[in-house]
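Chain residues, written in single-letter form:
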Amino acid sequence: METIIGQDIQQAAALLRAGEVVGIPTETVYGLAGNALNDSAIAKIFAVKNRPYFDPLIIHVAHAGAIGHWVQQIPQPLEQLAQAFLPGPLTLLLPKKQVIPDLVTAGLPRVAVRVPGHPLTRELLSRLDFPLAAPSANPFGYISPTQAMHVVEQLGGKIPFVLDGGPCQVGVESTIVSYEEEQIVILRKGGLTIEQIEAVVGPVVVKAHSTSHPAAPGMLKSHYAPRKPLRLLEREAIDGQLWTARTALLLFQKAVPSATVQMALSPGGHLEEAARHLFAYLRALDALDIDEIVAEILPERGLGRAINDRLRRAAV
Ligand code: TXA
Ligand code: MG
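Residues numbered from 1 in each chain as written. Chains lettered and ligands numbered in written order. Predicted model: local features only at pLDDT ≥ 70, side-chain atom pairs only at ≥ 80, totals over all residues. Heavy atoms only, no water.

Caption draft 1: Quick peek at the packing of aromatic side chains. Counting across every chain of the model gives 1 aromatic pair. Ring plane angle 35 degrees and centroid distance 4.6 Å describe the contact between Phe46 and Tyr53, whose orientation is recorded as tilted. Overall, the relative accessible area of 2% leaves Phe46 in the buried class. Take Tyr53: its relative accessible area is 45%, and that puts it in the partly exposed class. (Phe/Tyr/Trp six-rings, centres within 6.5 Å; stacked < 30°, edge-to-face > 60°. Buried < 20%, exposed > 50% of the residue type's maximum accessible area, 1.4 Å probe, protein only.)

Caption draft 2: Region of interest: empty space enclosed by the protein. By the definition in use, this model includes 1 cavity of 30 Å³ or more. Empty space within the largest cavity amounts to approximately 40 Å³. Around the largest cavity, the lining residues are Lys189, Gly190, Leu192, Thr193, Ile194, Gly302, Arg305 and Ala306. Its residues assigned to classes, the lining of the largest cavity comprises 3 nonpolar, 3 polar and 2 charged. (1 Å grid on protein atoms, 1.4 Å probe; cavity = no way out; pocket = protein on both sides within 12 Å on 5 of 7 lines; lining within 4 Å. Points joined across faces, edges and corners; volume = space filled by probe spheres on them. Nonpolar A, V, L, I, M, F, W, Y, C, P; charged D, E, K, R; others polar.)

Caption draft 3: Main features of the packing of helix 9 (residues 271-286) against helix 10 (residues 303-314). Running from N to C, helix 9 and helix 10 cross one another at 20 degrees; their axes reach a closest spacing of 9 Å. Our classification of the angle between helix 9 and helix 10 gives roughly parallel. The interaxial crossing formed by helix 9 with helix 10 has left-handed handedness. Listed contacts from helix 10 to Leu271, Glu272, Ala274, Ala275, Leu278, Phe279 and Leu282 of helix 9 are Leu303, Gly304, Ile307, Arg310 and Leu311. Grouping the amino acids of the contact of helix 9 with helix 10 by side-chain chemistry returns 9 nonpolar, 1 polar and 2 charged. (Axes fitted to C-alpha atoms, helices over the stretch in contact; angles between N-to-C directions. Helix = DSSP H or I, 4+ residues; strand = E, 2+ residues; numbered from the N terminus. Parallel < 35°, antiparallel > 145°, perpendicular 65-115°, else oblique. Left-handed = near helix turned anticlockwise from the far one by under 90°. Contact = heavy atoms within 4.5 Å.)

Now the structure itself:
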């Protein structure tokens, strides 16, 4: 199959209506989208990604008002978050209506829903009369794509079309949130920060830990991983060693004068910029002739938490 890259929303919509799967841009990462109400389109998503069926998919809708079509109810605190942050990098876990296939939710009673903030994909969604199920458009377990070319590099030949919306502006996946026992629970740290969420609804519980069997969101311990071994170190430990050209350093801000192979996520020290660059830089380092990647642990605040989470899951 030839994979076409383009900006033609009509073409993407026609393919999706025909039950095909298509790469789509979002503000977080690129998704591999299919009709969420069509079992055979959903099966294609799992097959193309080589993803196990027990790992459920997020559905994408055009605007917050459309969420109610697909779920039984929205608890008030999550409604508050929806009003404050959608469209944006926030996914809500809600009790599904029966029309959502069990294949989408891996048989679970709740469905993950989000309203992506990318204009091309919002326009695409507004032309469709079904939601789009879309996991990140990478082979299962590998680094998520943040540019159309990343999707083509890995899934080219397996899908007919990638809608090119340029580089993703956020760069890490959405924050997944549920409401359990009267508390807002963060199930995956992501592009919407805990600080932003708490500013609206007060203190939340973070349960975004690793499990080997994700009854809770995609929290497989080994995930988002490059092919080369990756180690995480505090900055002091990095500065205290001599690095050969066999090790690639992924740094936050400052360069290491003695090291030959290194990339800084944000020379100005901005966590937003670091998140935007994270996956593309990991890919670039992974492609080099090196033995290992050593990544610096970022400050554990704001988007630094989501970045550190991805680096920890990528680490051996
Ligand atoms: O930013 C994002 O969320 C991107 C873009 C493409 O929208 N999507 C994304 O999808 O990251 P994915 O499939 O790579 O990760 C979604 C995670 C999965 O690991 C899954 O375990 C969890 O969300 N999830 C989805 N539905 C769930 C459900 N019903 N119950 C529990 N966890 C769920
Ligand atoms: Mg993913």
